[in-house]
Number of protein chains: 2
Amino acid sequence: MTHTAELIAVGTELLLGNIANTDAQMLSQGLSALGINVYYHTVVGDNPGRLRAAVELAKSRADLIVTTGGLGPTCDDLTKNVLAACFGKKLVHNPEAEARCRAFFQKIGREMTANNAQQFYLPEGSTVFQNDWGTAPGCAFEAEGVHVLMLPGPPRECSAMFRYRAAPYLRSLADGAIVSRTLKLFGIGESEMENQLREQMNAMTNPTLAPYAKEGECELRITAKAPTEAEARALIAPVEARLREQFGEKIYGADVSSLEEVVLERLKERGLTLGSAESCTGGLIAKRMTDLPGASAVFRGGVVSYATPVKHTVLGVPEAMLDAYGAVSAPVARAMAQGARRTLGSDLAVSTTGVAGPDSDERGNPVGLVYVALSAPEGTCVRELHAGTSRERVRTMAAHNAFDLVRRYLNGTLREKLS
Amino acid sequence: MTHTAELIAVGTELLLGNIANTDAQMLSQGLSALGINVYYHTVVGDNPGRLRAAVELAKSRADLIVTTGGLGPTCDDLTKNVLAACFGKKLVHNPEAEARCRAFFQKIGREMTANNAQQFYLPEGSTVFQNDWGTAPGCAFEAEGVHVLMLPGPPRECSAMFRYRAAPYLRSLADGAIVSRTLKLFGIGESEMENQLREQMNAMTNPTLAPYAKEGECELRITAKAPTEAEARALIAPVEARLREQFGEKIYGADVSSLEEVVLERLKERGLTLGSAESCTGGLIAKRMTDLPGASAVFRGGVVSYATPVKHTVLGVPEAMLDAYGAVSAPVARAMAQGARRTLGSDLAVSTTGVAGPDSDERGNPVGLVYVALSAPEGTCVRELHAGTSRERVRTMAAHNAFDLVRRYLNGTLREKLS
């Protein structure tokens, strides 16, 4: 099993800042979950000499090299040529790669241009990673004690090929199984979580525990190595149980992508629908729900009542209430959520009203003050947030909290009282 | 003036995939706009030996090294120590850095912990880049024919320090001025744009022209070098004029961030308001408008009519029309936009209805079919799109086209007929 990896990304567009090297992030996470340490990332342009220098250096200090990019038909097969040369290999024709590529073009109804032909040539002795998400196949070979994996650059293709081709290949090299499980937490800060776990983490060797922080959320990844997958899972189970005891309902899911994904699944299970009434989040909640395929089964829709009169005319918030308390207030959040349920005909509805900034509102409410409400058949509740000073963060936290209210309502762990 | 740069990012969190190296993207763009070529990006962990190896290598082949990260109080000043050692320099106390840091803690009302003290030490002979956005100062020095710049890792601090400290420093090293101007295009594909420009681009040396592609948009950056800024601008002007003639109304702005920013500015100038009725985009248009500070001056709000009945109950689309044409149809897009204007009381309104995927709709409309409408006092128009097969792309293109309709209406260059 390889243990020391380096990533080499090939692409002048990275050096020009056209795109960020998100492939490196995805691969670093994925390799780390396989128990493989990544010591360097390197980015080079579409330049054979500089790529060769980067590969020679990586070869001298790593036993796994993963390249991304430079495999497409317009790249003169830069990456394959250079890697083959560095390891003294020839490129040989791969009939299956050709058949796959021809079938791909047939499927999308376009003629295959001649420059695609170079994609059918791979370093001799390679394992081919067929590309079901584009045209350029990836591949892997082993030479001089180093494993080399070449993946396509477009993030969608790279990520799918890593998950479905490269990760299984790397697992097959291991003398045992490595299994990871990621717990997602909401309602606890990164530093607080790390403080509570530091001793525990340092004392652990197998499984290991790695914390990650995202905007307003945290992750805990448990990784275990064992002779078999079942044994690895058995090592993870008690650690997960202990963490669930420690963090309780703050853990909103395991191996899930987001709060809204959990909300969508729970709503489907219960056969309930959701609506939204958004002021400071301005459509972010609806956008996040509908980012998910299948949202139409549970999401009725939303009202973005950005201008105050729209809160009255579309959502039916009484004008007297808006005058008395102002748009950013708990009573208005409550009335907005109730109005959304009524207007949209949904079982549940969430609402947000707050000051996203950069300026405080006309009543002097500070940036970051947000009221988030949930309305259900049993009643309505409101949560008050102080969500920092950056516009983006305020909006993200408001949306997170709206989803958290729905999740807790559906789990029966809502701390707020419905009335 | 330095011409060959390498970026070195220091941080184990990058090697674990906790974050993407967006600093490298930002710096690559910024350096390229200053006429500096970036040949390598390297990421190393918080490890002195591996950082030293990366610096020694960079020193052997570049005349500008820019580091990011490893400057904070918890990093043992890794980056400054290693860089100073590589260039045979001592760290010396910088009183101004200390005064600034103490003032920062006073301002935020927290006690300065002892580990902050190491931030006051910088390599001898450094130019200090004061940090108005955090605590760790950056710095620059020149030794052995190489310029070294050290910037903090947090993207917000890194980006501000580059813009306000490092870029002016680099400009001061140049024997002339370098000026860039970026034209943004919508309604033309990357490859078509490149085909139209290839000969022109290859023939140009000063100014240079660099194309960038984003999801559904393109950019053209013109960069000129001259003894003075005014002379550089004078070199850019005729190139911009020629490009504007060539691409006409496809150019939607210069040095602007997005279509919605242009829409917001034009609406403000004209004193008009906007509303939205979104089906397939599910709130993305409202979200993008309200991402912008100041959106409340022109954006009334929106209706996300995700479920078909909401199109009738909230937006007033006739049920007979929904039955006859289906929700994904030009007449429904038109009625949604008209309904949004009426319901939200806005001067203009846009609407989207389409199939975002992954599956075709119940009437067999294919993924990617979208109708986008604009309703104005003079009438309503509809644009039909075939926006590919990825859910994210379909939604992005639908939103782009909605903003494009508003922009062209406000510019008087709408190709669609209002009726």
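- If you look chain A up in an unreviewed UniProt entry, it shows as Putative competence-damage inducible protein from Candidatus Flavonifractor intestinipullorum.
- Comment text from UniProt for chain A, heading Sequence similarities (unreviewed entry), reads "Belongs to the CinA family."

**Concerning the interface of chain B and chain A**
Often, the extent of an interface is quoted as the loss of accessible area upon association of its parts.
Now for step 1: Listed per partner, the contact involves 56 residues of chain B and 56 residues of chain A.
Now for step 2: Taking both sides of the interface into account, the surface hidden between chain B and chain A amounts to around 4,500 Å²; carbon and sulfur atoms contribute 57%.
Now for step 3: Linking chain B with chain A are 2 salt bridges, by the criterion used here.
Now for step 4: Arg395(A) is the partner of Asp291(B) in a salt bridge, and the nearest nitrogen-oxygen pair spans 2.8 Å.
Now for step 5: Looking at the side of chain B that touches chain A, the element that brings in the most residues is strand S2 (residues 37-44) of chain B, giving 7 residues.

**Points about the packing of aromatic side chains**
Now for step 1: Applying the stated criterion to the full structure yields 8 aromatic pairs over all chains.
Now for step 2: Ring geometry for Phe87(A) and Phe141(A): centres 5.6 Å apart, planes at 75°, overall edge-to-face. Taken as a pair, Phe87(A) in the loop between helix H4 (78-86) and strand S4 (91-93) and Phe141(A) in strand S7 (residues 138-143) lie far apart in primary sequence, 54 residues in all. Like Phe141(A), Phe87(A) is buried.
Now for step 3: Positioned above the aromatic ring of Tyr40(A) is the side chain of Arg61(A), whose terminal nitrogen or guanidinium carbon lies 3.5 Å from the ring centre.
Now for step 4: One cation-aromatic arrangement involves Lys59(B) over Phe87(B); the distance from NZ or CZ to the ring centre is 4.6 Å.

**Concerning the environment of Asn18(A)**
Now for step 1: Locating Asn18(A) in the fold gives a position in the loop between helix H1 (12-15) and helix H2 (22-33).
Now for step 2: Residues within four places of Asn18(A) in sequence aside, it is in contact with Glu13(A), Gln25(B), Pro211(B), Tyr212(B) and Ala213(B).

**Topic: the relation of the copies chain B and chain A**
For the pair of chain copies, the relating operation is a rotation around an axis with a shift along it.
Now for step 1: When chain B is brought onto chain A, the operation consists of a screw motion whose angular component is 180° and whose axial shift is 0.5 Å, with 0.6 Å RMSD remaining. As the rotation angle and translation indicate, the two copies are arranged about a two-fold axis.
Now for step 2: The residues that chain B uses at the interface reappear at the interface of chain A in 100% of cases, marking a shared surface.

**Description of the sheet that holds strand S6 (residues 127-129) of chain A**
Now for step 1: Strands sit in the order S6(A)-S7(A)-S8(A)-S3(A)-S1(A)-S2(A)-S2(B)-S1(B)-S3(B)-S8(B)-S7(B)-S6(B) across an open sheet of 12 strands; the sheet is mixed. The open sheet has two edge strands, S6 of chain A together with strand S6 (127-129) of chain B, and neither has a second partner. Across this sheet, the average inter-strand angle for adjacent strands is 15°, counted without regard to direction.

**Looking at unusual backbone geometry**
Now for step 1: For the peptide bond that leads from Asn206(A) to Pro207(A), omega is 0°, which places it in the cis range.
Now for step 2: When you line up the elements, Pro207(A) lands in the loop between helix H7 (190-203) and strand S10 (208-214).
Now for step 3: Across the junction of Gly357(B) and Pro358(B), the peptide omega takes the value 10°, indicating a cis bond.
Now for step 4: Turning to its location among the elements, Pro358(B) is positioned in the loop between strand S15 (348-354) and strand S16 (369-376).
Now for step 5: Here Asp255(A), not a glycine, exhibits a phi torsion of approximately 55°, which is positive.
Now for step 6: With respect to the helices and strands, the residue Asp255(A) is situated in the loop between strand S12 (251-254) and helix H9 (259-270).
Now for step 7: Take Asp255(A): its relative accessible area is 47%, and that puts it in the partly exposed class.

**Some points on the packing of helix H3 (residues 48-61) of chain A against H4(A)**
All names here are of chain A.
Now for step 1: It is the contact of H3 with H4, at a shortest axis distance of 10 Å, that shows an interaxial angle of 45°. Judged on the interaxial angle alone, H4 and H3 are oblique. Seen from above, H3 lies across H4 with right-handed handedness. Contacts from Pro48, Leu51, Arg52, Val55, Glu56 and Lys59 of H3 reach H4 at Leu78, Thr79, Val82, Leu83, Ala85 and Cys86.
Now for step 2: Partitioning the contact of H3 with H4 into residue classes produces 8 nonpolar, 1 polar and 3 charged.

**Notes on the pattern of salt bridges**
Residue and element names in this part refer to chain B.
Now for step 1: Per the stated rule, a full pass over the model turns up 42 salt bridges over all chains.
Now for step 2: Arg407 is the partner of Asp404 in a salt bridge, and the nearest nitrogen-oxygen pair spans 2.7 Å. Residue Asp404 and its partner Arg407 are located together in helix H14 (residues 391-411), separated by 3 residues, close to a single helical turn.
Now for step 3: By relative accessible area, which is 2% here, Asp404 ends up buried.

**A few points about the pairing of strand S8 (residues 146-151) of chain B**
Residues and elements named next belong to chain B.
Now for step 1: Across the 6 residues of S8, 6 count as buried, placing the element largely inside the fold.
Now for step 2: The alternating pattern of S8 places Val146, Val148 and Met150 on one face and His147, Leu149 and Leu151 on the opposite face, and all of these are buried.
Now for step 3: Between the end of strand S7 (residues 138-143) and the start of S8, which pair antiparallel, lie 2 residues, with Glu144 showing a positive phi angle near 55°.

The rules behind these values
Along each chain, residues carry numbers from 1 onward, in the same order as the chain's sequence is written. Written order decides the labels, with chains lettered from A and ligands numbered from 1. In view of the model being predicted, local features appear only for residues whose pLDDT reaches at least 70, and side-chain atom pairs are presented and counted only at 80 or more, with totals across whole chains, interfaces and linings using the full set of residues. Each side-chain value is worked out from all heavy atoms of the structure, with water and hydrogens disregarded. UniProt positions are given in the numbering used here, feature names are shortened, and annotations may be inferred rather than shown by experiment. Residue contacts are defined here by distance: any two heavy atoms, one from each residue, within 4.5 Å place the two residues in contact. Joining two parts hides part of their accessible area as seen by a 1.4 Å probe, and the buried area is that hidden amount summed over both. The rule for a salt bridge is simple: a side-chain nitrogen of Lys or Arg has to be within 4 Å of a carboxyl oxygen of Asp or Glu. For helices the rule is a DSSP run of H or I covering at least 4 residues; for strands it is a run of E covering at least 2, with both sets numbered from the N terminus onward. Only rings of Phe, Tyr and Trp enter the pairing, Trp through its six-membered ring, and a pair is recorded when the two centres are within 6.5 Å. The plane angle decides the type: under 30 degrees is stacked, over 60 is edge-to-face, the rest tilted. Think of it in three bands: residues with accessible area under 20% of the maximum for their type are buried, residues over 50% are exposed, and the middle band is partly exposed, with areas taken using a 1.4 Å probe on protein chains only. Should the NZ of a Lys or the CZ of an Arg lie within 6 Å of a ring centre and within 35 degrees of the ring normal, that charge is described as sitting over the ring. Least squares is the method used to superpose the copies, on C-alpha atoms of residues holding a pLDDT of at least 70 in both. When DSSP finds two or more bridges between two strands, those strands count as paired. For helices, the fitted axis covers only the stretch in contact; all axes are lines through C-alpha atoms, and the angles between them, taken along N-to-C directions, range from 0 to 180 degrees. Our angle categories are set so that under 35 degrees counts as roughly parallel, over 145 as roughly antiparallel, 65 to 115 as roughly perpendicular, and the remainder as oblique. The sense of a crossing depends on the near helix, which, turned anticlockwise from the far helix by less than a right angle, makes the crossing left-handed and, turned clockwise, makes it right-handed. Classification convention: Asp, Glu, Lys, Arg as charged; Ala, Val, Leu, Ile, Met, Phe, Trp, Tyr, Cys, Pro as nonpolar; all other residues, Gly among them, as polar.

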